[in-house]
Amino acid sequence: MAITFYKYQGTGNDFIIVDNRLLEIDKNNTKRIAELCDRRFGIGADGFILLENDKNSDFKMVYYNSDGNESSMCGNGGRCMTSFAKFLGIIEGKAEFYAIDGLHKASIEEDIVHLQMQDVTTVEVYEKHLFLDTGSPHHVEMVSDIENFDVKNCGSTIRYGEPYGKAGSNVNFVEQISDNKFAVRTYERGVEDETLSCGTGVTAVALAMHKKGKITSNEVTLITPGGELRVKFENNEKGYNNVWLIGPATQVFKGKIEW
Ligand SMILES: N[C@H](CCC[C@H](N)C(=O)O)C(=O)O
């Protein structure tokens, strides 16, 4: 069966996106999803995302890592899905959609998407790192000389090590650049490599830097190898709410492929 796919990228985190409102895609075909995400034998992407109908919101987003397995929330993917929904004419400037971690609000102007992330009530603080879940699990660790940091090897060791084990965690390395501005590099679970940016990851970094008292504003700029993202949030005794991930999302090309 031939399927039409759209290739999107959000600050270099890239995705194969398919309009699956007719439910034609066999979602259990992990092998095929992984083949399509392969950068040599397939289209190439960090993730594969299906857009489906949802009776209580504008659409539903189903996210798979490039290993072919369905996974937790993808922030950059959610920004790309908002752009895709506008391209399809499902929405105009505002959206509400369901993802695995619940309902998300979003808005789009030109190519900039604002995506509301789930509230975060728990940030675990350890000697050398922090751990929090922003829709996906994230280990956050401050490093120096981030440009030369061995993200893949150090990230993989942490991701597969204790306490994360087989389920794992995404791993973000961060270096402060200036007031409220940080450089971030991410090792992504399920991609098992560094990605050029990670939306739930930079969101985790922004909240972690607030928790560590490293910022003076509730709006943070995150510089990733794939581009610049912003995170805005409010905080109270219950934790973090009104959390927004802001950045560009772009359709790169459209294609057809045998499923
Ligand atoms: N790239 C995604 C993260 C996907 C999470 C996935 N790697 C997992 O936790 O299994 C983002 O922009 O938030």
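Before any of the text, the structure's been laid out above.
Bear in mind the structure is a predicted one, so any value in this text is a computation, not a measurement.

Thresholds, definitions, all that
Each chain has its residues counted from 1, following the order in which its sequence is written. Local features in a predicted model are, by the rule used here, given only for residues with pLDDT of at least 70; side-chain atom pairs are given and counted only at 80 or more, and totals for whole chains, interfaces and linings are based on all residues. Note that water and hydrogens are dropped before the side-chain values are worked out from all heavy atoms of the structure. The nonpolar core is taken to be a set of buried Ala, Val, Leu, Ile, Met, Phe, Trp, Tyr and Cys residues, with the residues joined through side-chain atoms within 4.5 Å. Per-residue accessibility, obtained with a 1.4 Å probe over protein chains only, is compared with the maximum for each type, and a residue is labelled buried under 20%, exposed over 50%, and partly exposed between these values. By the criteria applied, helices consist of DSSP H or I runs no shorter than four residues and strands consist of E runs no shorter than two, each listed in order from the N terminus. Start and end positions for the domains come from either an automated domain assignment or a database one. Residue contacts are counted whenever heavy atoms from the two residues lie within 4.5 Å of one another. Expected helix span is computed as 1.5 Å times (number of residues minus one). The criterion for strand pairing is that DSSP finds at least two bridges linking the strands in question. For the purposes of these results, a polar contact is taken to be a pair of N or O atoms within 3.5 Å, where, inside protein, one atom must be able to donate a hydrogen and its partner to accept one; residues adjacent in sequence count only when each atom of the pair is a side-chain atom. In this text, near means that some heavy atom of the residue lies within 4 Å of the molecule or strand in question. Only the protein chains shown count as cover for residues, and all accessible areas are computed by the Shrake-Rupley method using a 1.4 Å probe. Only Asp, Glu, Lys and Arg are considered charged, only Ala, Val, Leu, Ile, Met, Phe, Trp, Tyr, Cys and Pro nonpolar, and every remaining residue, Gly among them, polar.

A description of the nonpolar core should follow, citing residues and the corresponding values.
Ranked by internal contacts, the top residues of the largest apolar core, which has 49 residues, are M61 and L222. In terms of residues, this core owes the most to one element, helix α4 (residues 199-211), which gives 7 residues. A domain-level breakdown of this core finds at least three residues from each of domain 1 (2-105 + 249-258) and domain 2 (124-248). Discounting chain neighbours no more than four positions away, the residues touching M61 are I49, L50, M73, C74, G77, G78, M81, F97, Y98, A99 and I100. Judged by nonpolar contacts, the second largest core, of 14 residues, contains I16, I25, F48 and Y64.

Go over helix α2 (residues 75-87), please, and point to the residues and values.
Over its 13 residues, α2 extends 19 Å from the first C-alpha to the last, a length consistent with the 18 Å expected when each residue adds 1.5 Å. Of all 13 residues making up α2, 11 are buried, and the element is well covered by its neighbours. Where α2 is concerned, the buried positions are G75, N76, G77, G78, R79, C80, M81, T82, S83, F84 and A85. Downstream of α2 by one or two residues, G89 has phi in the positive range, about 80°.

I'd like a description of the pairing of strand β16 (residues 239-248), backed by residues and values.
Along β16, 8 of the 10 residues are buried, which leaves the element largely enclosed by surrounding structure. In this structure, strand β7 (residues 112-117) lies alongside β16, joined through 6 bridges in antiparallel fashion. Across the sheet, residue M117 finds its bridge partner in β16, namely V243. Turn length for the strand β15 (residues 227-236)-β16 hairpin, with the two strands adjacent in sequence and antiparallel, is 2 residues.

How would you sum up the environment of D26? Please name residues and give values.
Relative to the helices and strands, D26 is located in the loop between β2 (13-19) and α1 (30-37). The sequence separation of D26 and W259 amounts to 233 residues, and the corresponding C-alpha distance is 8.9 Å. There is a polar contact of 2.9 Å between the side chain of D26 and the backbone nitrogen of N28.

Residues and numbers for the site of the ligand, please.
Within the structure, the ligand sits among 16 residues, and S71, G75, N170, G199 and T200 are positioned closest to it. Measuring from an oxygen atom of the ligand, one finds a side-chain N or O atom of S72 at 3.3 Å. Here an oxygen atom of the ligand sits 2.6 Å away from a polar atom, N or O, in the main chain of G199. Burial of the ligand by the surrounding chains reaches 100%, relative to a free accessible area of 360 Å². In terms of residue class, the shell around the ligand is made up of 4 nonpolar, 10 polar and 2 charged. Counting only domains with at least three residues in the shell around the ligand, you end up with domain 1 (2-105 + 249-258) and domain 2 (124-248).

These values are about where atoms sit, not about what they do.
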